[in-house]
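Fold and geometry: a report
For reference, the chains in residue letters:
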Amino acid sequence: MLWGLFWTNLLGTAYGYIWYGNQLKFTIEFYPAWLLPFVPDSPTASLFFTWFLFYLLISGSRENENPFEVKRGSGLRSFVEAFAVVTSIKYGVWAVAMIFWGASQGDPLGWQDWMLSISHLGMAAEALLYWRFFQYRWPAILLVAVWTFSNDYMDYGIGIYPWLPDVLEDDLSKIAAFSIGLTVACVILAVLLWIWREKSAAASRKSV
């Protein structure tokens, strides 16, 4: 199951970066190159979730080691997992909201829109399904919050937000507010999940 999920996310990530190809080229032409990492939001989120799955697979490949046993991970793993949970939920919800927000104003829904809706809902769902196995701690959440709020600024302050349906261009201020609100909600959720996990782990230790 883990290998199947890993390859699905890896291939989806590759497709996502290809999807952003024209916008990446546009960014290189008209913006400083250092802004490029802030352009492909959803593929980067799924890349980090794929990285998390790789950690699980590596753990499971070791003899007598349970990949789902929560341990204290390295600082890098902590950051990877915090990044995965915050951004997978945020951009999973954001993309679906944009698709149907555009549809509500007359933008036609094609098969690609339905495909993107299902795949992005899957991003959010898998992050919530696997939250018990994340090992991140609060410093990682803080770093991810800084990155994600910075990404919001780059998107809507500088103008490298994901390309939208034409009918939504006049709603950009509302979309910016919605995106920032999602960042706040997802960071708070990551903190709550961390607290819940820590309390559950402490209760388990006391019961032993």
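Notes on the structure in this doc start here. None of these values were measured; they are calculated from a predicted model.

So, the pattern of salt bridges
- Applying the stated criterion across every chain, the model contains 3 salt bridges.
- The shortest N-O distance in the salt bridge between R77 and E81 comes to 2.6 Å. On the criterion of helical spacing, the pair formed by R77 and E81 is a turn pair, its members being 4 residues apart in helix α4 (residues 75-104).
- Under the relative-accessibility criterion, R77 is labelled buried at 8%.
- Between R197 and E198 there is a salt bridge, and its shortest N-O distance comes to 3.3 Å.
- Judged by its relative accessible area of 8%, R197 falls in the buried class.

Some remarks on the layout of surface pockets
- Volume-wise, the largest pocket comes out at about 890 Å³.
- Together, 37 residues line the largest pocket, and W19, Y20, A95, L116 and H120 are the ones closest to its centre.
- Elements that contribute at least two residues to the lining of the largest pocket include exactly α1 (2-19), α2 (21-30), α3 (41-61), α4 and α5 (111-129).
- In terms of residue count, the dominant contributor to the lining of the largest pocket is α5 (9 residues).
- The residue makeup of the lining of the largest pocket, split by class, is 19 nonpolar, 14 polar and 4 charged.

Quick word on the environment of D155
- Relative to the assigned elements, D155 resides in helix α6 (residues 138-158).
- In this structure, the C-alpha to C-alpha distance between D155 and T13, residues 142 residues apart in sequence, is 20 Å.
- D155 has contacts with F38, D41, I160, Y161 and P162, leaving out every residue within four places of it along the chain.

Thoughts on the nonpolar core
- Formed by 31 residues in total, the largest nonpolar core has its most connected members in F52, V85, F134 and Y136.
- Going through the elements one at a time, α1, α3, α4, α6 and α7 (172-207) are the ones with two or more residues in this core.
- Sequence-distant contacts of V85, that is, excluding residues within four places in its chain, are made with A127, F134, Y136, A190 and L193.
- Among the nonpolar cores identified, the runner-up in size contains 10 residues, and A95, Y156, A176 and L182 belong to it.

Things to note about a nonpolar patch on the surface
- Taken together, the side chains of F149, I180, V184, I188, L192 and I195 present a nonpolar region at the surface, about 480 Å² in accessible area.
- Sorting elements by how many residues they give to the nonpolar patch places α7 first, with 5 residues.
- With respect to the helices and strands, the residue I188 is situated in helix α7.

Comments concerning the packing of α4 against α6
- Running from amino to carboxyl end, α4 crosses α6 at an angle of 40°, the nearest separation of the two axes being 8 Å. The orientation of α4 with respect to α6, classified from their angle, is oblique. Crossing geometry of α4 relative to α6 is assigned as right-handed. Along the contact surface, α4 presents S78, F79, A82, F83, V86, T87, K90, Y91 and W94, while α6 presents A140, I141, L143, V144, W147, T148, N151, D152 and Y156.

Quick notes on empty space enclosed by the protein
- The final tally for this structure, using the stated rule, is 1 cavity of 30 Å³ or more.
- Each pocket or cavity is described by its volume, and for the largest cavity that value is around 50 Å³.
- Lining the largest cavity are P37, F38, P40, D41, T44, A45, F83, T87, Y91, W147 and N151.
- Secondary structure elements with two or more residues in the lining of the largest cavity: α3, α4 and α6.

A look at α5
- Look at α5: 27 Å from first C-alpha to last across 19 residues, which is about the 27 Å you get at 1.5 Å a residue.
- Within α5, burial applies to D113, L116, S117, H120, M123, A124, E126 and A127.

Things to note about the packing of α1 against α5
- Viewed as axis vectors pointing N to C, α1 and α5 meet at an angle of 130°, and their least axial separation amounts to 12 Å. It follows that α1 is oblique to α5 by the angle criterion. Of the two possible hands of crossing, α1 and α5 adopt the one that is left-handed. Every residue of α5 that contacts α1 at L5, N9, Y15 and W19 is listed here: Q112, M115, L116 and E126.

Rules behind the numbers
- Residues numbered from 1 in each chain as written.
- Predicted model: local features only at pLDDT ≥ 70, side-chain atom pairs only at ≥ 80, totals over all residues.
- Heavy atoms only, no water.
- Salt bridge = Lys/Arg side-chain N within 4 Å of Asp/Glu carboxyl O.
- Helix = DSSP H or I, 4+ residues; strand = E, 2+ residues; numbered from the N terminus.
- Buried < 20%, exposed > 50% of the residue type's maximum accessible area, 1.4 Å probe, protein only.
- 1 Å grid on protein atoms, 1.4 Å probe; cavity = no way out; pocket = protein on both sides within 12 Å on 5 of 7 lines; lining within 4 Å.
- Points joined across faces, edges and corners; volume = space filled by probe spheres on them.
- Nonpolar A, V, L, I, M, F, W, Y, C, P; charged D, E, K, R; others polar.
- Contact = heavy atoms within 4.5 Å.
- Core = buried A, V, L, I, M, F, W, Y, C linked by side-chain atoms within 4.5 Å.
- Patch = residues over 30% accessible without salt bridge, like charges linked within 9 Å, V, L, I, M, F, W, Y side chains within 5 Å.
- Areas by Shrake-Rupley, 256 points an atom, 1.4 Å probe, with all protein chains shown as cover.
- Axes fitted to C-alpha atoms, helices over the stretch in contact; angles between N-to-C directions.
- Parallel < 35°, antiparallel > 145°, perpendicular 65-115°, else oblique.
- Left-handed = near helix turned anticlockwise from the far one by under 90°.
- Expected span 1.5 Å × (residues − 1).

The quantities given are spatial measurements derived from coordinates; they are silent on function.
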